[in-house]
Amino acid sequence: MELSGESQDVEPVENDRGFIRSTYSLLAGGGPGFLARTPAAVVEEKEANRAECERLVGEGQFAEAVDMIHQNVAGKKMAAEYGAKIRSHASMVVPLVLNKVLFSMGVMASVVPFLPLMGAAMLLRVRIPLVDWSVIMPVVNAMTVYGVCVFLVFQFVVEVLRINQCLLVSGHWYTYTLTTVAFTLVLIHFYVHRQKTGGAALVAYVAYAVGYQSLVLPVLANTQRFYHDTREACAGVGVAIVLAPFLMAVVVLVDMFMEERKRGDFAAEAHDLFTEVRKLDEEIAGQTGKKPVVKPP
């Protein structure tokens, strides 16, 4: 069975919204379509489903319209046959599982290597070489909040766009694009603080980022081949690009909050230390009959 048949993706029809048309024109040639071509049977079914979705929306049958754009009989059948062939080769099982695990992590994949280090440091109470927690913890905190925002935006914005546009905006490409943004932000953070973490830590993270890309891109190729045509994939990338600046602002705000909190903690510790020193000074003065040396601030 030929799974990589000639793609029959067509230009967006006239009733497509301007955003979808411009995004498709920008990305179709050099983005999703570069990884894999969608078989003609899948594209034809999706085009028919989109047309039917438009009709159902016009009649006010929104629940039926949602079900319609999610239908993908041809693609799921091809994916099942492909999966059966892949699983018949033991050497392909591990990469298949590993790819799925990494992709399901979403943007948290950008900080996954630090989580075992945090666990080891807390449980074993040991100092881990090349690890500076003053550099790592702000990144982990920021990416955690960023990841929550990416998930919420998908649930409350992308899902709405799907029905409004009658287009199954690709969640895979949406997540991949914003995860790549997360990797870039973490990489910039480590580069800025390279004097603290050392060059070896920066190189190790670059190697991890490259490894992640090499594992996740085949998954995207399969989604492009079986589950999303070029229009859906480009829409996923386009939505992520539009939202990226706002989500990056969240990272900046979290970093600012953590820095302010750190300053507040330092000020509180300094005040407590000063209080203890002043009490000790007063005790010594009472015993010696001399005036206290430490003056109030």
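Residues numbered from 1 in each chain as written. Predicted model: local features only at pLDDT ≥ 70, side-chain atom pairs only at ≥ 80, totals over all residues. Heavy atoms only, no water.

Peer 1: Looking at this structure, I do not really get the overall build of the protein chain. What am I missing?
Peer 2: Of regular secondary structure, the protein chain possesses 12 helices and zero strands. If you list the helices and strands of the protein chain from N to C, you get α-α-α-α-α-α-α-α-α-α-α-α. For the protein chain, buried positions account for 40% of its 297 residues. Looking at the protein chain alone, contacts between residues at least 24 apart form 78% of all its contacts between residues at least 6 apart. Of the roughly 16700 Å² of accessible surface on the protein chain, a fraction of 67% belongs to carbon and sulfur atoms. (Helix = DSSP H or I, 4+ residues; strand = E, 2+ residues; numbered from the N terminus. Buried < 20%, exposed > 50% of the residue type's maximum accessible area, 1.4 Å probe, protein only. Contact = heavy atoms within 4.5 Å. Areas by Shrake-Rupley, 256 points an atom, 1.4 Å probe, with all protein chains shown as cover.)

Peer 1: Could you clarify how one ought to interpret the nonpolar core in this entry?
Peer 2: Side chains that are nonpolar tend, in soluble globular proteins, to be buried together. With 45 residues, the main nonpolar core has M143, Y146, Y174, L178 and F190 as its most contacted residues. Broken down by secondary-structure element, the contributors of at least two residues to this core are helix 7 (114–124), helix 8 (133–165), helix 9 (171–192), helix 11 (199–226) and helix 12 (230–288). Sequence-distant contacts of L178, defined by excluding residues within four places in its chain, comprise V107, Y146, V150, A240, A244 and L247. Judged by nonpolar contacts, the second largest core, of seven residues, contains C53, L56, M68 and I69. (Core = buried A, V, L, I, M, F, W, Y, C linked by side-chain atoms within 4.5 Å.)

Peer 1: What should I look at first to understand unusual backbone geometry in this one?
Peer 2: Leaving glycine out, the prevailing phi sign among residues is negative, and the prevailing peptide bond configuration is trans. We note that C166 has phi near 50 degrees; this positive angle belongs to a residue other than glycine. Within the secondary structure layout, C166 lies in the loop between helix 8 and helix 9. Residue C166 is classed as buried on the basis of its relative accessible area, which comes to 3%.

Peer 1: Can you help me understand the pattern of salt bridges in this one?
Peer 2: Two side chains carrying opposite charge are able to pair once their charged atoms lie near each other. Summed over all chains, the structure comprises eight salt bridges. Close ionic contact of R50 with E47 constitutes a salt bridge, the shortest N to O distance being 2.9 Å. Taken together, the positions of R50 and E47, both in helix 3 (residues 40–58) and three residues apart, correspond to about one turn of that helix. Across this residue pair, the class does not change: R50 and E47 are buried. With a closest N to O distance of 2.7 Å, R55 and E59 form a salt bridge. Looking at E59, the relative accessible area reads 46%, which means it is partly exposed. (Salt bridge = Lys/Arg side-chain N within 4 Å of Asp/Glu carboxyl O.)

Peer 1: What should I look at first to understand a nonpolar patch on the surface in this one?
Peer 2: On the surface, V148, F151, L152, F156 and V157 cluster together into a nonpolar patch covering about 480 Å² of accessible area. In this structure, V157 sits in helix 8. On the basis of relative accessible area, V157 is assigned to the partly exposed category, the value being 34%. (Patch = residues over 30% accessible without salt bridge, like charges linked within 9 Å, V, L, I, M, F, W, Y side chains within 5 Å.)

Peer 1: Please explain the side chain of E45 as it appears in this structure.
Peer 2: Tracing the sequence through the fold places E45 in helix 3. Buried and unpaired, E45 has K46 as its nearest opposite-charge partner, separated by 7.6 Å. Excluding residues that lie within four positions of it along the chain, E45 makes contacts with Q71, N72, V73, A74 and G75. (Lys, Arg positive; Asp, Glu negative; His and termini not counted.)

Peer 1: Sorry if this is basic, but what is going on with the packing of aromatic side chains here?
Peer 2: Taken as a whole and assessed by the stated rule, the structure comprises 10 aromatic pairs. Judged by centre distance (5.6 Å) and plane angle (40 degrees), the ring pair of F154 and Y174 falls under tilted. One end of the pair, F154, is in helix 8; the other, Y174, is in helix 9, and 20 residues separate them in sequence. Y174 shares its class with F154; the two are buried. Taken together, a centroid distance of 6.0 Å and an interplanar angle of 35 degrees make the contact between F183 and Y205 tilted. Of this pair, F183 sits in helix 9 while Y205 sits in helix 11, and the two are 22 residues apart along the sequence. Residue Y205 is classed as buried on the basis of its relative accessible area, which comes to 5%. (Phe/Tyr/Trp six-rings, centres within 6.5 Å; stacked < 30°, edge-to-face > 60°.)

Peer 1: What am I meant to see in the confidence of the model for the protein chain here?
Peer 2: Regions with low pLDDT carry predicted coordinates that are not meant to be interpreted in detail. Mean pLDDT for the protein chain: 75, with 68% of residues reaching 70 or above. For the protein chain, per-element mean pLDDT is lowest for helix 1 (residues 18–27), which scores 50, and highest for helix 9, which scores 90. (pLDDT = per-residue confidence, 0-100.)

Peer 1: Looking at this structure, I do not really get the state of the cysteines. What am I missing?
Peer 2: Put plainly, two cysteines are in a disulfide when a covalent bond ties their sulfur atoms together. Tallied over the entire structure, the rule returns one disulfide. Through a disulfide, C53 is tied to C166; the S-S separation comes to 2.1 Å. Because the sign of the S-S torsion sets the handedness, a value of about -80 degrees for the bond joining C53 and C166 places this disulfide among the left-handed ones. On the criterion of sequence distance, the pair formed by C53 in helix 3 and C166 in the loop between helix 8 and helix 9 is long-range, its members being 113 residues apart. Comparing C53 with C166 shows no difference in burial state: the two are buried. (Disulfide = S-S within 2.5 Å.)

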